[in-house]
Amino acid sequence: MLTLISIAISTFLLIGESIPISSSCNDKEINGLYYIKPTEYGEVIPVICNNGYTMLDASLNFDGLSTYFTSLYRYGNDDKAMYGTDCSDTAGWRDWFIPANDNTKFRVARDC
């Protein structure tokens, strides 16, 4: 799904000009860093696209990314940070990641 967003000020775009933005990495043929908008009313977030998968990296924009989860806590220090639910939360990824639906696939990234 593509969404059009309005850009207020940009070096490359005119004021008020819209650009298409994807809701996931499904349509990306080239791997790399992209900006997506997973839900109609959510924030635009940076993600890493790889073979159609969307890799979420909290270090790219923790505040923006955290809006897409029912809860998001950081465990550990800067060297070995890990993000997850509150320890008392027993929800799985499909319940925890707000944009997920029955067709959403999850996997751990290689070398993660």
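Everything here concerns the structure above.
Here the structure is a predicted model, which is why all the values come from computation and not from measurement.

This part covers the overall build of the protein chain. Of the regular secondary structure elements, the protein chain holds two helices and seven strands. Secondary structure elements of the protein chain occur, N-terminal to C-terminal, as β-β-β-β-β-α-β-β-α. Taking the intrachain contacts of the protein chain between residues at least 6 apart in sequence as the baseline, contacts between residues at least 24 apart amount to 24%. Within the structure as shown, the protein chain displays about 8200 Å² of accessible surface, and the carbon and sulfur contribution to it stands at 52%.

Here we come to the sheet that holds strand S4 (residues 45-50). One open sheet accounts for three strands, arranged S3-S4-S5; its pairing is antiparallel. For this open sheet the edge positions go to strand S3 (32-36) and strand S5 (53-55), each flanked by a neighbour on one side alone. Averaged over all adjacent pairs, the angle separating strand axes in this sheet is 45°, with direction ignored. Alignment of S3 against S4, held across five bridges, turns out to be antiparallel.

For Phe106, the location among the structural elements is in the segment after helix H2 (93-96). Residues Phe106 and Thr54 lie 52 residues apart in sequence; the distance between their C-alpha atoms is 9.4 Å. The residues touching Phe106, leaving out its near neighbours within four places in the chain, are Trp93, Arg94, Phe97 and Ala100.

On to unusual backbone geometry. For Asn51, which is not a glycine, the phi torsion comes out positive at approximately 50°. Among the structural elements, Asn51 can be located in the loop between S4 and S5. We classify Asn51 as exposed; its relative accessible area is 62%.

Calculation criteria
Residues numbered from 1 in each chain as written. Predicted model: local features only at pLDDT ≥ 70, side-chain atom pairs only at ≥ 80, totals over all residues. Heavy atoms only, no water. Helix = DSSP H or I, 4+ residues; strand = E, 2+ residues; numbered from the N terminus. Contact = heavy atoms within 4.5 Å. Areas by Shrake-Rupley, 256 points an atom, 1.4 Å probe, with all protein chains shown as cover. Pairing = 2+ DSSP bridges. Axes fitted to C-alpha atoms, helices over the stretch in contact; angles between N-to-C directions. Buried < 20%, exposed > 50% of the residue type's maximum accessible area, 1.4 Å probe, protein only.

Without other data, these values stay purely geometric and don't point to any function.
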